[in-house]
Amino acid sequence: MTATRETPAAPPVPTVRATLDKATEENFPVAPFFLPRAWRADLMAVYGFARLVDDIGDGDLAPGGADARWLGVAPADADDRLVMLDALEGDVRRVFAADEPRHPLLRTLAATVRARSLTIDPFLGLIEANRRDQVVHRYASHDELLSYCELSANTVGHLVLQLTGTTTPERLRRSDAVCTALQIVEHLQDVAEDLHRDRIYLPADDMRRFHVTEADLAAPAANASVRALIAFQAQRADELLDEGIPLVASVSGRLRLLLAGFTGGGRAAIGAIRSARYDVLGGPPRPARTQLLRDVGAVLRRARKEG
């Protein structure tokens with residue numbers, strides 16, 4: 001990890017800072033202090049891109065239209081999410097064509113792409129997942145949801161492994177399981193918010209199995225059927241997170257701490273959902289920092305035994 005990297009000019013502060021500051025809201029540490037400075041910069045560059053994609057897809061961009069102007073989108077089209085995603089894809093392709101991207105977050109990302117020899121597919125996958133969000137609002141089965149997670153979550157794990165130079169087929173497989181679990185957990189935390197956006201990431205066949213209707217999900221508190229459904233999905237995620245133990249055990253040093261943070265963060269979030277007795281409708285259950293640290297420690301201890 002000693003590649004020479006250029007230092008990009010500091011991007012304009014207010015809008016870009018607002019995007020990057022959302023890292024503190026995640027279930028896991030995005031770029032924790034114990035990592036080398038270059039790693040932290042690279043992880044935040046990738047996070048900034050991923051957050052920008054999601055904010056476009058969710059209609060959560062900062063007011064004022066700066067992102068649209070940077071991407072060359074006319075004011076009349078600034079609220080068209082598909083147009084914005086197309087423009088963002090064009091900017092990504094500029095990065096990989098060694099052209100100057102328009103958006104300041106992508107200008108920062110370009111330095112990371114060059115220094116770490118990142119590939120374009122994960123970035124395009126994230127954009128495609130958000131395109132899918134504009135047209136697919138319900139998922140018929142768990143398998144359909146897993147297909148979505150391949151684009152929306154697993155690609156991020158691929159980028160982390162690329163950034164740290166630790167990609168192997170086995171690590172990719174285990175990373176996919178962990179990232180899918182983290183995506184499922186986030187969906188469980190955000191059931192009410194997603195429904196407000198007319199999106200449901202709970203598989204329809206599981207909703208029928210547990211006798212849960214969309215009206216049940218719109219209630220201020222979860223009934224017994226909703227709690228049972230959420231508990232079932234949380235258990236699925238918990239089992240996927242087991243794949244994180246050998247993944248953590250397969251690396252060493254500060255990277256082991258980082259990957260333990262991802263897996264432990266997922267465990268802690270599931271614990272918070274469990275502590276809420278699986279009632280996620282009043283707002284997303286979030287783990288306390290002390291619980292996060294305990295779960296990360298437990299992952300490290302288990303990884304040490306397996307390693």
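Along each chain, numbering runs from 1 in the same order as the chain's sequence is written. For a predicted model such as this one, the threshold for reporting local features is a pLDDT of at least 70, and the threshold for listing and counting side-chain atom pairs is 80 or more; totals across whole chains, interfaces and linings nevertheless cover every residue. Working from all heavy atoms in the structure, the side-chain values ignore hydrogens and water.

K.L.:
Honestly, helix α6 (residues 121-135) in this entry has me stumped. Any pointers?
P.N.:
Because each turn of an α-helix spans 3.6 residues, side chains separated by three or four positions in sequence point in the same direction. Here a helix means four or more residues in a row that DSSP labels H or I, a strand means two or more in a row labelled E, and each is numbered from the N terminus. One fewer than the residue count of a helix, multiplied by 1.5 Å, yields its expected span. Spanning 15 residues, α6 covers 21 Å between terminal C-alpha atoms, matching the ideal 21 Å at 1.5 Å per step. By the criterion of burial, α6 is predominantly enclosed, with eleven of the 15 residues buried. Residues Pro122, Phe123, Leu124, Gly125, Leu126, Ile127, Ala129, Asn130, Arg131, Asp133 and Gln134 constitute the buried set of α6. Every residue pair with non-hydrogen atoms within 4.5 Å of one another is taken to be in contact. Elements in contact with the buried residues of α6: α2 (37-58), α4 (81-96), α5 (104-116), α7 (142-152) and α8 (154-163). In this scheme, a residue with accessible area under 20% of its type's maximum is buried, one over 50% is exposed, and one in between is partly exposed, where area comes from a 1.4 Å probe on protein chains only.

K.L.:
Looking at this structure, I do not really get the environment of leucine 126. What am I missing?
P.N.:
Relative to the assigned elements, leucine 126 resides in helix α6. With 24 residues separating them in the primary sequence, leucine 126 and glutamate 150 have C-alpha atoms 9.2 Å apart. Not counting residues up to four positions away in its chain, the partners in contact with leucine 126 are Phe49, Ala50, Val53, Leu151, Ser152, Thr155 and Val156.

K.L.:
So what exactly am I meant to see when it comes to the packing of aromatic side chains here?
P.N.:
Any aromatic ring pair is given by two values, namely how distant the centres are and how the planes are angled relative to each other. Between 30 and 60 degrees the pair is tilted, below 30 it is stacked and above 60 it is edge-to-face, where a pair is any two Phe, Tyr or Trp rings, Trp via its six-membered ring, whose centres lie within 6.5 Å. For the structure shown, the criterion picks out six aromatic pairs. Ring centres 5.8 Å apart and planes at 25° place the aromatic pair tyrosine 139 and tyrosine 201 in the stacked group. Separated by 62 residues along the polypeptide, tyrosine 139 in the loop between α6 and α7 and tyrosine 201 in the loop between α10 (191-196) and α11 (204-209) bring together distant segments of the chain. The burial state of tyrosine 139 is the same as that of tyrosine 201; both residues are buried. Relative to phenylalanine 232, the ring of phenylalanine 210 has its centre 5.4 Å away and its plane inclined at 40°; by these criteria the two rings are tilted. Remark: phenylalanine 232 occurs in helix α13 (residues 224-241) and phenylalanine 210 occurs in the loop between α11 and α12 (214-217); sequence separation between them is 22 residues. With relative accessibility at 21%, the residue phenylalanine 232 sits in the partly exposed group. Each residue in the set Phe49, Phe96 and Phe123 is aromatic and connected to the rest through ring pairs, giving one cluster. Working rule: Lys NZ or Arg CZ, within 6 Å of ring centre, within 35 degrees of ring normal, means a charge sits over the ring. The positively charged end of arginine 209 is found above the aromatic ring belonging to phenylalanine 232, 4.6 Å away from the centroid.

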